[in-house]
Amino acid sequence: MSSIEERVKKIVAEQLGVKEDEVQTEASFVEDLGADSLDTVELVMALEEEFETEIPDEEAEKITTVKLAIDYITENLA
Amino acid sequence: MSDAGSNDATASDTGKVALVTGASRGIGRAIAERLAGDGFTVVGTATTQAGADAISGYLQEGGYQGCGMTLDVADQVGVEAVVKGITQRFGAPLVLVNNAGITRDNILMRMKTDEWHSVIDTNLNALYRVSKACLRGMTKARWGRIVSITSVVGAMGNAGQSNYAASKAGAEGFSRALARELGSRAITVNCVAPGFIDTDMTRELGDEQRDSLVRQIPLSRLGEAAEIGALVGFLCSDNAAYITGETIHINGGMNMA
């Protein structure tokens, strides 16, 4: 089983169409990885599916970087 | 319904799911039958169980896939439950036809707050509710069609219908904004604005009123519900993939822009 970090980075790479090695932990979806607002919504949808959870809108809006996504999943699912 | 030929629906014959609100009779029924004939699995909604049963009945009679469900589009919880139910039973709806609508006519000086709000809530706020509930499936599929049925009254105005005209013009602005949001996902968002169509609603008019209406229409007749169905069917087909943010008028020429 891959770690949460690896799974999150894989999803980010797939959703945003970037290479996995570009997905640095500190990367911002919008500023560093070229996501637009619709991309970020879809990214959260994909994370919800991967981790079989529902992320409330008010939490989802705060997930703007790879690290914040990993932290959210770790805190809420681990 | 008259048979105007089916669209060359190369994508729509794959059993995609279409949700049509307000489908028990009139224009909504003609749209549901058309989409079903074009190969979509159709879920039609009505506010009453009798309406939902009628939808299941005509779909079954036609040998089509799909069924009727009860839904009040003014009820947020109900909207979410119905979209979830459709997704579980048939798959996520990738076609949404916002057809359910009401009128509460009155001149503004006599209009009650409730008459204003109920029309805005059912005709306009429902677009927010139902469209939003369907977007997850469409963005995931990278394909979608949202068609909202508006009215010639949204463009021309009509005395006694300030609430209705506002709701329909609002729906058109909503659709243009949403078309821009979703274009990159191959989801098109359009409106169809009928003029006077031969339905229960227009049959309630007196002969005199009806005759005076027809005199304003260059094609000298009311429209057929099936003609609206054919246009919506086209907009939902792959042939219409490059049309978005548009309002298509279908009114026999009574209001040419």
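Definitions and cut-offs
Residues numbered from 1 in each chain as written. Chains lettered and ligands numbered in written order. Predicted model: local features only at pLDDT ≥ 70, side-chain atom pairs only at ≥ 80, totals over all residues. Heavy atoms only, no water. Helix = DSSP H or I, 4+ residues; strand = E, 2+ residues; numbered from the N terminus. Rg over C-alpha atoms; globule rule 2.2 N^0.38 Å. Buried < 20%, exposed > 50% of the residue type's maximum accessible area, 1.4 Å probe, protein only. Contact = heavy atoms within 4.5 Å. Areas by Shrake-Rupley, 256 points an atom, 1.4 Å probe, with all protein chains shown as cover. Lys, Arg positive; Asp, Glu negative; His and termini not counted. Charge placed at Lys NZ, Arg CZ, Asp CG, Glu CD. UniProt positions renumbered as here; feature names shortened; annotations may be inferred. Core = buried A, V, L, I, M, F, W, Y, C linked by side-chain atoms within 4.5 Å. Phe/Tyr/Trp six-rings, centres within 6.5 Å; stacked < 30°, edge-to-face > 60°. Lys NZ or Arg CZ within 6 Å of the ring centre and 35° of its normal. Patch = residues over 30% accessible without salt bridge, like charges linked within 9 Å, V, L, I, M, F, W, Y side chains within 5 Å. Salt bridge = Lys/Arg side-chain N within 4 Å of Asp/Glu carboxyl O.

**Q** Explain the overall build of chain B to me, please; I cannot follow it from the model alone.
**A** Secondary structure summary: chain B contains 9 helices and 7 strands in total. Rg of the C-alpha trace for chain B: 17 Å, near the compact-globule value of 18 Å for 257 residues, within the 12% margin. Judged by the C-alpha coordinates and their principal axes, chain B covers about 45 × 40 × 40 Å. The buried share of chain B, taken over its 257 residues, is 49%. Counting only contacts in chain B whose residues sit at least 6 apart along the sequence, the fraction spanning at least 24 positions is 73%. Total accessible area on chain B is roughly 11900 Å²; 50% of this is exposed by carbon and sulfur atoms. Once the 23 positive and 26 negative side-chain charges of chain B are each reduced to a mean point, those two points are 8 Å apart.

**Q** Even after reading the chapter, I still don't get the UniProt feature "active site" (unreviewed entry) in chain B, so can you show me in this structure?
**A** All names here are of chain B. The UniProt entry lists Tyr164 under the feature "active site" (unreviewed entry), expressed in the numbering used here. Relative to the helices and strands, Tyr164 resides in helix H6 (residues 162–182). Of the residues examined, Tyr164 reaches a relative accessible area of 11% and is grouped as buried.

**Q** Quick question: what am I supposed to make of the nonpolar core here?
**A** Where a protein is soluble and globular, its nonpolar side chains tend to be buried together. All names here are of chain B. Formed by 54 residues in total, the largest nonpolar core has its most connected members in Ile31, Leu35, Val42 and Val232. Element by element, the count of residues in this core is highest for helix H1 (residues 26–37), at 6 residues. Among all residues touching Ile31, those that are not within four sequence positions of it are Val20, Val97, Asn99, Ile149, Ile228, Gly229 and Val232.

**Q** So what exactly am I meant to see when it comes to the packing of aromatic side chains here?
**A** The description of two aromatic rings rests on the distance between their centres and on the angle between their planes. Within this structure, the stated rule accounts for 0 aromatic pairs over all chains. The ring of Trp143 of chain B has Lys16 of chain B sitting right over it, with the charged end atom 4.0 Å from the ring centre.

**Q** Before we go on, may I ask you to explain a negative patch on the surface in this structure?
**A** Residues and elements named next belong to chain A. On the surface, Glu6, Glu20, Asp21 and Glu22 cluster together to form a negatively charged patch. You can see Glu22 is positioned in the loop between helix H1 (4–16) and helix H2 (37–50). On the accessibility criterion, Glu22 (41% relative accessible area) is partly exposed.

**Q** Help me understand the UniProt feature "domain: Carrier" (unreviewed entry) in chain A, please; the structure alone is not making it clear to me.
**A** Within the UniProt annotation, "domain: Carrier" (unreviewed entry) is assigned to residues 2–77 of chain A. Secondary structure across residues 2–77 of chain A comprises 57% helix and 0% strand; the distance between its end C-alpha atoms is 15 Å.

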